[in-house]
Amino acid sequence: MNLLDLGDRICILGPSNSGKSTLANAIARKRGLEAVHLDVLHHLPNTDWEPRSRDEFIALHDAAIAGERWVMDGNYSICMPQRFRRATGLILLDVSTPASLLRYFRRSLFETGRLGALEGGRDSIKWDMIHHIAVVQPRNRKRYSAMFDELDLPKLRLSSVTAIKQCFNAWDLTR
């Protein structure tokens, strides 16, 4: 699939620590789209990932999807229906649970200033996040896969870290 086939409003879904924000930023640079990171909209800046109120998050989300040209990374099921109505393309990163856990530990321990990070926040290892990745995400992966199959949009499923890297190379996103 050609990157242009996904249109000007691209959603990127997938498990935590699968590379959604990195891919979103690379596509935004390549295509001149606005990169919108749902984690940043959902959480208050300068906190340890403290969520905003539900209404405030939905308002920020809905304002972001009203734009004409964006690539948005994140899941947040509560807002998926309106996001999918505006989207022109979808990418599902469907990496394994062990890969997500490995990326989480690496990110939390060694990476600073990562793309899509919370302003003023610092990633750290949290038991709640480990539980989310190891227990909750496997169920969500099945739901996201079913949603992906049902949506009538140009879409691409990348089912491994290797497939994501190949996509970066094929679309010349490494610059």
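Cut-off values and rules
By convention here, each chain's residues receive numbers from 1 onward along its written sequence. The model is predicted, so local features are restricted to residues of pLDDT at least 70 and side-chain atom pairs to those at 80 or more, both for listing and for counting; the totals for chains, interfaces and linings are taken over all residues. Side-chain numbers here rest on the full set of heavy atoms in the structure, without hydrogens or water. Throughout this description, the term salt bridge denotes a Lys or Arg side-chain nitrogen within 4 Å of a carboxyl oxygen of Asp or Glu. A helix here means a DSSP run of H or I that spans at least four residues, while a strand means a run of E at least two residues long, and both kinds are numbered starting from the N terminus. Burial here depends on accessible area, computed with a 1.4 Å probe over protein chains only, as a share of the maximum for the residue type. Under 20% is buried, over 50% is exposed, and the range in between is partly exposed. A 1.4 Å probe that fits but cannot get out identifies a cavity on a 1 Å grid over protein atoms alone, an open set with protein on both sides within 12 Å along at least five of seven lines counts as a pocket, and a residue lines either if it has an atom within 4 Å of a point. Grid points are joined across faces, edges and corners, and a volume is the space filled by probe spheres set on the points. We call Asp, Glu, Lys and Arg charged. Ala, Val, Leu, Ile, Met, Phe, Trp, Tyr, Cys and Pro are nonpolar, and the rest, Gly among them, are polar. Each patch is built from salt-bridge-free residues with over 30% relative accessible area, joining like charges within 9 Å and nonpolar side chains (Val, Leu, Ile, Met, Phe, Trp, Tyr) within 5 Å. A 1.4 Å probe and the Shrake-Rupley method give the accessible areas. Residues count as covered only by the protein chains that appear here. Being paired, for any two strands, means DSSP has found at least two bridges between them.

Asks: Which residues make up the pattern of salt bridges, and what values go with them?
Replies: Scanning the entire structure with this criterion turns up nine salt bridges. Of the charged contacts, one joins Glu68 and Arg9 as a salt bridge, the two residues approaching to 3.4 Å between their closest N and O atoms. Highlighted residues: Glu68 in the loop between helix H3 (54-65) and strand E3 (70-73) and Arg9 in strand E1 (residues 9-13), separated in sequence by 59 residues. Classification of Glu68 by relative accessible area gives exposed; the value is 52%. Arg9 gets classed as buried once you look at its relative accessible area, which sits at 15%.

Asks: With reference to specific residues and values, describe unusual backbone geometry.
Replies: Within the chain, Asn17 stands out as a residue other than glycine whose phi angle is a positive 65°. Under the relative-accessibility criterion, Asn17 is labelled buried at 4%. With a phi close to 50°, Tyr76 is a non-glycine residue in the positive phi region. Residue placement: Tyr76 occurs in the loop between E3 and helix H4 (80-86).

Asks: Tell me what's going on with the layout of surface pockets, and back it up with residues and numbers.
Replies: Size it by volume and the largest pocket reaches roughly 710 Å³. What lines the largest pocket is a set of 30 residues, and nearest its centre among them are Ser16, Asp39, Tyr76, Met129 and His132. Among the secondary structure elements, those contributing two or more residues to the lining of the largest pocket are helix H1 (20-31), helix H5 (97-110) and helix H6 (127-150). By residue number, the principal contributor to the lining of the largest pocket is H6, which donates seven residues. Here the residues of the lining of the largest pocket sort into six nonpolar, 15 polar and nine charged.

Asks: Lay out a nonpolar patch on the surface with the relevant residues and their values.
Replies: On the surface, a nonpolar cluster with roughly 400 Å² of combined accessible area is contributed by Phe105, Leu109, Phe110 and Ile125. Tracing the backbone shows Leu109 in helix H5. By relative accessible area, which is 48% here, Leu109 ends up partly exposed.

Asks: Can you break down the pairing of E1 residue by residue, with the values?
Replies: Along E1, five of the five residues are buried, which leaves the element largely enclosed by surrounding structure. Of the two faces of E1, both are covered, the one formed by Arg9, Cys11 and Leu13 as well as the one formed by Ile10 and Ile12. With four bridges joining them, E1 and E3 adopt parallel strand pairing. Bridging across to E3, Arg9 finds its partner in Trp70. Bridge count between E1 and strand E4 (residues 89-93): four bridges; the pairing is parallel. Directly across from Ile10, in E4, lies its bridge partner Gly89.

Function cannot be read off these values alone, since they describe shape.
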